[in-house]
Amino acid sequence: MSNLLRDFEVEAKNPSLEARRRWRSAVSVVKNPARRFRNIPDLDKRAENETKRHQIQEKLRVAFYVQKAALQFIGAAGRPEYKLTDEVKEAGFSVEPDELASMVRNHDTRGLANSGGVVALAKKVSVSDLNEGVKSSELPIREKIFGENRYAEKPPRSFLMFVWEALQDITLIILMVCAVVSIGVGVATEGFPKGMYDGTGILLSILLVVMVTAISDYKQSLQFIDLDREKKKIIVQVTRDGTRQEISIHDLVVGDVVHLSIGDQVPADGVFISGYNLEIDESSLSGESEPSHVNKQKPFLLAGTKVQNGSAKMLVTTVGMRTEWGKLMETLVDGGEDETPLQVKLNGVATIIGKIGLSFAVLTFLVLCVRFVLEKATAGSFTNWSSEDALTLLDYFAISVTIIVVAVPEGLPLAVTLSLAFAMKKLMSDRALVRHLAACETMGSATCICTDKTGTLTTNHMVVNKVYICDNVHERQESFQLKLPEEVQSILLQGIFQNTGSEVVKDKDGDTQILGSPTERAILEFGLLLGGDFGEQRKEHKILKIEPFNSDKKKMSVLIALPGGGARAFCKGASEIVLKMCENVVDSNGETVPLTEERIKNISDVIEGFASEALRTLCLVYKDLDEAPSGDLPDGGYTMVAVVGIKDPVRPGVREAVETCQAAGITVRMVTGDNISTAKAIAKECGIFTEGGLAIEGSQFRDLPPHEMRAIIPKIQVMARSLPLDKHTLVSNLRKIGEVVAVTGDGTNDAPALHEADIGLAMGIAGTEVAKENADVIIMDDNFKTIVKVARWGRAVYINIQKFVQFQLTVNVVALIINFVSACITGSAPLTAVQLLWVNMIMDTLGALALATEPPNEGLMKRPPIARTASFITKTMWRNIAGQSVYQLIVLGTLNFAGKSLLDLNGPDSTAVLNTVIFNSFVFCQVFNEVNSREIEKINVFTGMFNSWVFTGVMVVTVVFQVIIVEFLGAFASTVPLTWQHWLLSILIGSLSMIVAVILKCIPVESSRQHHDGYDLLPSGPSSSNSA
């Protein structure tokens, strides 16, 4: 089948436009395009939206570079007048929303100056004190006047729209026409109500199919709406009611004071209040790749841009659809999610089988018509045609159309969407947010996970456990009793409270709260334990310059003005890096002494000792300067004050999760910025660093020649002191040697590695908005165990679709052949249109619900990853399909041609009874085969069956409806009530398929590799395989 599916192959990540167009054009025999392609993006519409987006970006570029220049020469008279409306005045504001939007959008610095600057502008939006922010009681009126911070969204589809979409099925429309004609002809020839039964039965069956389909699709759409809502959740920090708070981006109002730091998305248009080294990436808005420097001279910030460096506070001036970002987001509403490799592959399978089914349907109709005409000719009534003859031909046509309904497996590609939606919903409750559908599939193939240490393998609840200061090591008991000289204590507290990107604030209840990264929180808590006061320290000294921490330099620095003149620089960061910047050290007497080789060795030994105890070490240093430097802060001549050792315990259950990965053939590699000794200690504790494995520093790794690098990469288990570039290099080289790589990241600089990896996993708590935007999955609790759950569900989705395909293809084969052969030999089809519609619902919507939503079992993580290059429909599956089809065809064929004599059926209703037994046996064969399909290889198919309430529910509903159809709806479904013996026979015939399944599973068809439970492994693979 591989040659037939060559056009149905796309990459799992960033598929080419050519591949996407190719498979779309190759799809044919589609019964309901509206439903089948509902979740597939319209490439023409996407291109149209892309053009609109570029036009908006171009317009913004003009605004940035032309309007700004023009406004310098336009006087106040040249600016538009904005008359204050009564509504705005009554609300207590003195500036129009459109005036604010225009000022920021056009970068109108002169307009801002004329307004009196940012403080005066704040007062115009009724914020009297920027340190207090807006009052919570004012939020409703602010939202009423200035709008909400929400963007235009496509309204959700109602249930009736899904009903209408299900009715677009061409075959169902043809059958409805046939049913109406049948009712008309039937009533005319057989009278009322008998003449209505056949047509009404078809209409009722169609109604049932449409309603079940619509309900399933509607529930699925609600799941996607929930997921989409989760994706848009962004938390921002604001000052409100005089306290710093975390709120949703959607709750932001004009007048809010927002705190920005590296990696944040600017949540609304606004004006710079204060900050340091603020660099903004405006590429998402204007297409410009060069970062823009924002300060008091260039104070405007636009929604949707990203903070590339520095930190700042901004005043929100424009929100929601008044921002340019809002208009840009409107063009992305209809963008749609890229199709997944499995969806594409199964569209191909559905196309091939659909063509075969269509051919069989045409042949069946021709055979039935030719036989009917020959019989009339033989009987000498060829020239006499009655309405009954027309009804018979119409019935033949309806049966042929129904064969197309059953034969075209429209549900195959849709089952992928159903399974993915179900998995994504379950993963959301397991604290993993899947941003891209294909990532869920690809995770089932992951052979390697490159994970961060901090917060992912560890708890991220950090405390300073040890400190080296004044030549002594102090260990935390209940607190620290350091007894330091007064001057040393003063410098240490200055270094802690001044050189930080975090804050100590009071919450609404008046309790002390530390806001910031876990490392910063640990150091600030240490300073508070020493009796320091964050607020007093900040008031005493003016900060002149800040160089925020970034993962390349592995340090952060600050410059403060001293009261008596001069300045003091503080630096903290990776111990061995910062230690090299020092020339002096504070000794046991509190004196500053030269840093001799011996002292360097002693301090290095202390650092190594801390690291070997799995402590993260940071070095705190300072340098006094006569005057503030004009450029960067000095990178030498510092005096070392202290080395702190921060404890970050390994998360409970991480070792077991790592062992689960290793048993599943997934290699776990730790990539961290920490000291190599700390990294090795944690890696050993987690079970990552094992005998024969390699731990390497990033500097060594990046200096290796390409051939040496590729040779050692398979052995690398730990990479320490790594830069984001090292992570990117490791990921790209792993992919080149055939690995399917999942990589975690939290920082802005991790974005390239997240984008490069097969599956990018961003941290939900520690991760920046930039990292999340470039990720495929967001790990909401930053926990490694959650990553393993994603891998388990990835495998479950793939295996579940294989189960469903095996089940559906079996039904397809049997239904096609039994009707065709019977038509050729007897001149009639044993399964009527109504019966085939019921069978179609069992194998399509209900079958997908039962098999495609089964939860993962532990056995999935005890086999190798799903190989990329393996067939989707495996030899094992073909064996099961062929074996079950042959069994069902033999039994049903025997009943069809010799049933009357075998069952001793006599009398006028013998044909009706026989056809009902055949129909009943056929349905029970599918019921039991659905149970068989729960395990493709294993003999025990009952494990965990009752844990899946969906599967159990579908089985019960199918059996109950079958009883109702046979016993009570005979007039519509062309059935008659059966005796208990016939019911027992039908169930027995169906249940024998389970014994057939056991026999089939003992026939080896795959390679000789053994599964852990003694059965052959099931090689299978998502996406870009060369076969199906």
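All values reported here derive from a predicted model rather than from experimental measurement. (Residues numbered from 1 in each chain as written. Predicted model: local features only at pLDDT ≥ 70, side-chain atom pairs only at ≥ 80, totals over all residues. Heavy atoms only, no water.)

Visitor: So what exactly am I meant to see when it comes to the UniProt feature "domain: Cation-transporting P-type ATPase N-terminal" (unreviewed entry) in the protein here?
Guide: Cross-referencing UniProt, the feature "domain: Cation-transporting P-type ATPase N-terminal" (unreviewed entry) maps to residues 115-182 in the present numbering. When the span residues 115-182 is considered, its composition is 54% helix and 0% strand, and the gap between its end C-alpha atoms is 79 Å. (UniProt positions renumbered as here; feature names shortened; annotations may be inferred. Helix = DSSP H or I, 4+ residues; strand = E, 2+ residues; numbered from the N terminus.)

Visitor: Looking at this structure, how should I read the packing of aromatic side chains?
Guide: In this description, an aromatic ring pair is defined by two values, namely the gap between the centres and the angle between the planes. Taken as a whole and judged by the stated rule, the model has 14 aromatic pairs. With a centroid separation of 5.9 Å and an interplanar angle of 65°, the aromatic rings of Phe-162 and Tyr-218 are classed as edge-to-face. Separated by 56 residues along the polypeptide, Phe-162 in helix 9 (residues 159-166) and Tyr-218 in helix 11 (residues 197-231) bring together distant segments of the chain. Relative accessible area serves as the criterion here: at 2%, Phe-162 is assigned to the buried category. The partly exposed category is assigned to Tyr-218, whose relative accessible area is 27%. Ring geometry for Phe-422 against Trp-793: centres 6.1 Å apart, planes inclined by 65°, an arrangement best described as edge-to-face. Pair noted here: Phe-422 is in helix 16 (residues 411-429) and Trp-793 is in helix 30 (residues 784-826), with a separation of 371 residues, a long-range link. Judged by relative accessible area, Phe-422 falls into the buried class, the value being 15%. Among the residues examined, Trp-793 registers a relative accessible area of 8% and is labelled buried. Here a set of aromatic residues connected by ring pairs shows up, and it is made of Phe-159, Phe-162 and Tyr-218. Its end group placed over the ring of Phe-162, Arg-157 keeps NZ or CZ at 5.8 Å from the ring centre. Just above the ring of Phe-951 sits the side chain of Arg-934; from NZ or CZ to the centre is 5.5 Å. (Phe/Tyr/Trp six-rings, centres within 6.5 Å; stacked < 30°, edge-to-face > 60°. Buried < 20%, exposed > 50% of the residue type's maximum accessible area, 1.4 Å probe, protein only. Lys NZ or Arg CZ within 6 Å of the ring centre and 35° of its normal.)

Visitor: What is the right way to read the environment of Gly-92 from this model?
Guide: Within the secondary structure, Gly-92 is located in the loop between helix 4 (86-90) and helix 5 (97-105). Look at Gly-92 and you get partly exposed, because its relative accessible area is 44%.

Visitor: It is not clear to me how the packing of helix 10 (residues 170-190) against helix 11 should be interpreted in this structure. Could you clarify?
Guide: Each pair of packed helices can be summarised by the angle the axes make with each other and by the distance between the axes. Packing of helix 10 against helix 11 brings their axes to within 7 Å, and their N-to-C directions diverge by 155°. Of the possible angle classes, the one that applies to helix 10 and helix 11 is roughly antiparallel. As helix 10 runs across helix 11, the sense of the crossing is left-handed. Counting all contacts with helix 10, which are made through Leu-172, Leu-175, Met-176, Ala-179, Ser-182 and Ile-183, the residues of helix 11 involved are Asp-198, Gly-199, Thr-200, Ile-202, Leu-203, Ile-206, Val-209 and Val-210. In terms of residue class, the contact of helix 10 with helix 11 is built from 10 nonpolar, 3 polar and 1 charged. (Axes fitted to C-alpha atoms, helices over the stretch in contact; angles between N-to-C directions. Parallel < 35°, antiparallel > 145°, perpendicular 65-115°, else oblique. Left-handed = near helix turned anticlockwise from the far one by under 90°. Contact = heavy atoms within 4.5 Å. Nonpolar A, V, L, I, M, F, W, Y, C, P; charged D, E, K, R; others polar.)

Visitor: What's the story with the confidence of the model for the protein in this structure? I'm lost.
Guide: For any part of a model where pLDDT is low, the fine detail of the predicted coordinates should not be relied upon. Taken residue by residue, the protein gives an average pLDDT of 86. The fraction at 70 or more is 95%. Every residue in residues 1008-1028 scores below 50 in pLDDT, and together they form 83 contacts with partners more than four places removed in sequence or on other chains. (pLDDT = per-residue confidence, 0-100.)

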